[in-house]
Amino acid sequence: MEAQKENILEIKNLHTWFYTGNDIVKSVDGVDICLKRGTTLGIVGESGSGKSVTALSVMGLLTGTRGKIEKGSIYLEGEDIVRINEEKRRKLRGGKISMIFQEPMTSLNPIMTVGKQIVEGIMEHQQISRKEAKKKALEMMKKTGVPRAEHMMKEYPFQLSGGQRQRVMIAMAMVSNPGILIADEPTTALDVTIQAQILDLMNTLKKETESSILFITHDLGVVAEICDDVAVMYCGKVVESGDVRSIFFQPSHPYTKGLLASVPRLGEEIEELESIPGNVPNPRELPKGCKFAPRCALAVDKCREEEPDFFDLGNGHLSRCWQCGGQT
Ligand SMILES: Nc1ncnc2c1ncn2[C@@H]1O[C@H](COP(=O)(O)OP(=O)(O)OP(=O)(O)O)[C@@H](O)[C@H]1O
Ligand SMILES: [Mg+2]
């Protein structure tokens, strides 16, 4: 049996709420996630389920929003980073933890050449000379496979293609050897061929640097390709998690089953594709009981009354469903 890998990141009972006018939006409402060292964990779930807010909570990027971590802990190598000061947090960002966003244009500085941006990033976290930082930046750019890396260092973000910008983002994120990379839909804006190249690149760099990745995506095909483990989110909670094989071949939660049934498989008629009826509930008025019950064909009274905790299905496979616990 393979030795148990330690958790590099552990999110426990995380609650991140937004205070908007008279409302409280419970975007993240009790998330539990464990990222094992050297592995890739996929976070999947429909739009609005709280994937990005979970990532922003880990990065400490809620300042400037009305969001607040209400409860819970985020352990980075055993240290709870929810309540550290801003100075320490700034050091973590781009140091031990880096993030790649869906649309790189919004996270690259439009008026600074890409070379300068990478160099500044390096110098913020590493005690090295500008000359050394430039050398490192160039090496990293070459690794990402951008054509004519030297030349590209002198260009501005708007002069690059979407795929090139995403490579620059990856170079920036990986250049300080972060232990953890959070990738929030990094390939959604790209066409399929470029998407495959970017995934390849992330996999190669991950192996080289031995980093661990939290990979947020809508795309279960991508999950099957690059993830070791999966956490399925619904209404601000993880409803099922486990290794990629268990989730794909023995899904337990009706929501996970619904998601899988809505993915086209090779050779299958597209018309037969199912989709989950109904919509994700409004996070301002979450239902009592299991949040999926209003859309679940198997729901019974208990599901509408009481929210299930995780049932342990063995081998680290967890599911929040009364049915799988044989409790209804
Ligand atoms: N700054 C904010 N202020 C108020 N509500 C917010 C804010 N950011 C996110 N939310 C709300 O939190 C909920 C979760 O949003 P989040 O962006 O985490 O979803 P997501 O799972 O990443 O969706 P997608 O797949 O569309 O990216 C949504 O209902 C969203 O409207
Ligand atoms: Mg998102």
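Residues numbered from 1 in each chain as written. Chains lettered and ligands numbered in written order. Predicted model: local features only at pLDDT ≥ 70, side-chain atom pairs only at ≥ 80, totals over all residues. Heavy atoms only, no water.

Re the overall build of the chain
Point 1. Scanning the chain from terminus to terminus reveals 12 helices and 12 strands.
Point 2. Whereas a compact globule of 328 residues would reach a radius of gyration of roughly 20 Å, the chain reaches 21 Å, a difference of no more than 12%.
Point 3. Dimensions of the chain, computed from the C-alpha atoms along their principal axes, are close to 65 × 50 × 45 Å.
Point 4. Partitioning the intrachain contacts of the chain with sequence separation of at least 6 by distance along the chain shows that 63% fall at a separation of at least 24.
Point 5. Carbon together with sulfur atoms contributes 51% to the accessible area of the chain, which is approximately 16,300 Å² in total.
Point 6. Distance between charge centroids for the chain: 7 Å, based on 41 positive and 44 negative side chains. (Helix = DSSP H or I, 4+ residues; strand = E, 2+ residues; numbered from the N terminus. Rg over C-alpha atoms; globule rule 2.2 N^0.38 Å. Contact = heavy atoms within 4.5 Å. Areas by Shrake-Rupley, 256 points an atom, 1.4 Å probe, with all protein chains shown as cover. Lys, Arg positive; Asp, Glu negative; His and termini not counted. Charge placed at Lys NZ, Arg CZ, Asp CG, Glu CD.)

A look at empty space enclosed by the protein
Point 1. Within this structure, the stated rule accounts for 4 cavities of 30 Å³ or more.
Point 2. As a volume, the largest cavity reaches approximately 90 Å³.
Point 3. What lines the largest cavity is a set of 14 residues, and nearest its centre among them are Pro254, Cys290, Cys296, Cys303 and Cys321.
Point 4. Class assignment of the residues belonging to the lining of the largest cavity gives a composition of 11 nonpolar, 2 polar and 1 charged.
Point 5. One number sums up the size of the second largest cavity: a volume of about 60 Å³.
Point 6. In this structure, the second largest cavity is lined by Tyr234, Lys237, Val239, Cys290, Lys291, Phe292, Glu307, Pro308 and Arg320.
Point 7. For the lining of the second largest cavity, the residue count by class is 5 nonpolar, no polar and 4 charged. (1 Å grid on protein atoms, 1.4 Å probe; cavity = no way out; pocket = protein on both sides within 12 Å on 5 of 7 lines; lining within 4 Å. Points joined across faces, edges and corners; volume = space filled by probe spheres on them. Nonpolar A, V, L, I, M, F, W, Y, C, P; charged D, E, K, R; others polar.)

Quick look at the site of ligand 1
Point 1. In the vicinity of ligand 1 there are 14 residues, among which Ser27, Ser47, Gly48, Lys51 and Ser52 approach most closely.
Point 2. Taking Ser49, its main chain carries an N or O atom lying 3.2 Å from an oxygen atom of ligand 1.
Point 3. Taking Val53, its main chain carries an N or O atom lying 2.9 Å from an oxygen atom of ligand 1.
Point 4. Compared with its free state, where it exposes 630 Å², ligand 1 has 67% of that area covered by protein.
Point 5. In terms of residue count, the dominant contributor to the shell around ligand 1 is helix H1 (residues 51-59) (3 residues).
Point 6. Its residues assigned to classes, the shell around ligand 1 comprises 3 nonpolar, 8 polar and 3 charged. (Near = heavy atom within 4 Å. Polar contact = N/O pair within 3.5 Å; in protein donor to acceptor, adjacent residues only side chain to side chain.)

Points about the domain arrangement of the chain
Point 1. Segmentation of the chain into domains returns domain 1 (1-96 + 178-264) and domain 2 (111-175).
Point 2. Measuring from the centre of the C-alpha atoms in domain 1 to the corresponding centre in domain 2 gives 25 Å.
Point 3. Residue-level contacts link 19 residues of domain 1 with 12 residues of domain 2.
Point 4. The junction of domain 1 with domain 2 conceals about 1,200 Å² of combined surface from both sides, 68% of it contributed by carbon and sulfur atoms. (Domains from an automatic or database assignment. Buried area = accessible area lost by both parts, 1.4 Å probe.)

Remarks on the sheet that holds strand E7 (residues 180-184)
Point 1. Across the sheet, 8 strands lie side by side as E6-E7-E8-E3-E9-E10-E12-E11; this open sheet has mixed pairing. Each edge of the open sheet carries a strand with a single partner, namely strand E6 (97-100) and strand E11 (311-312).
Point 2. Together, E6 and E7 form the strand contacts of helix H7 (residues 162-174), whose direction differs from that of E6 by roughly 175°.
Point 3. Each of strand E3 (40-44), E6, E7 and strand E8 (212-216) is contacted by helix H8 (residues 192-209), which is oriented at about 155° to E8, the strand it contacts most. (Pairing = 2+ DSSP bridges. Axes fitted to C-alpha atoms, helices over the stretch in contact; angles between N-to-C directions.)

Notes on H7
Point 1. With 13 residues, H7 ought to run about 18 Å at 1.5 Å a step, and its terminal C-alpha atoms sit 18 Å apart, in line with that.
Point 2. Taken together, the buried positions of H7 are occupied by Gly163, Gln164, Arg165, Gln166, Arg167, Val168, Met169, Ile170, Ala171, Ala173 and Met174. (Expected span 1.5 Å × (residues − 1). Buried < 20%, exposed > 50% of the residue type's maximum accessible area, 1.4 Å probe, protein only.)

Re the packing of aromatic side chains
Point 1. Applying the stated criterion across every chain yields a total of 5 aromatic pairs.
Point 2. Pairing Phe311 with Trp322 gives two aromatic rings, centres 5.9 Å apart and planes at 65°, and the pair type is edge-to-face. Highlighted residues: Phe311 in strand E11 and Trp322 in the segment after strand E12 (318-319), separated in sequence by 11 residues. By the burial criterion, Phe311 is buried, and Trp322 matches it.
Point 3. Connected via pairs of aromatic rings, a cluster forms that spans Tyr234, Tyr255 and Phe292.
Point 4. One residue, Lys26, lies across the ring of Trp17, its end atom 4.7 Å from the ring centre.
Point 5. It is Lys302 that lies over the ring of Trp322; its NZ or CZ is 4.2 Å from the centre. (Phe/Tyr/Trp six-rings, centres within 6.5 Å; stacked < 30°, edge-to-face > 60°. Lys NZ or Arg CZ within 6 Å of the ring centre and 35° of its normal.)

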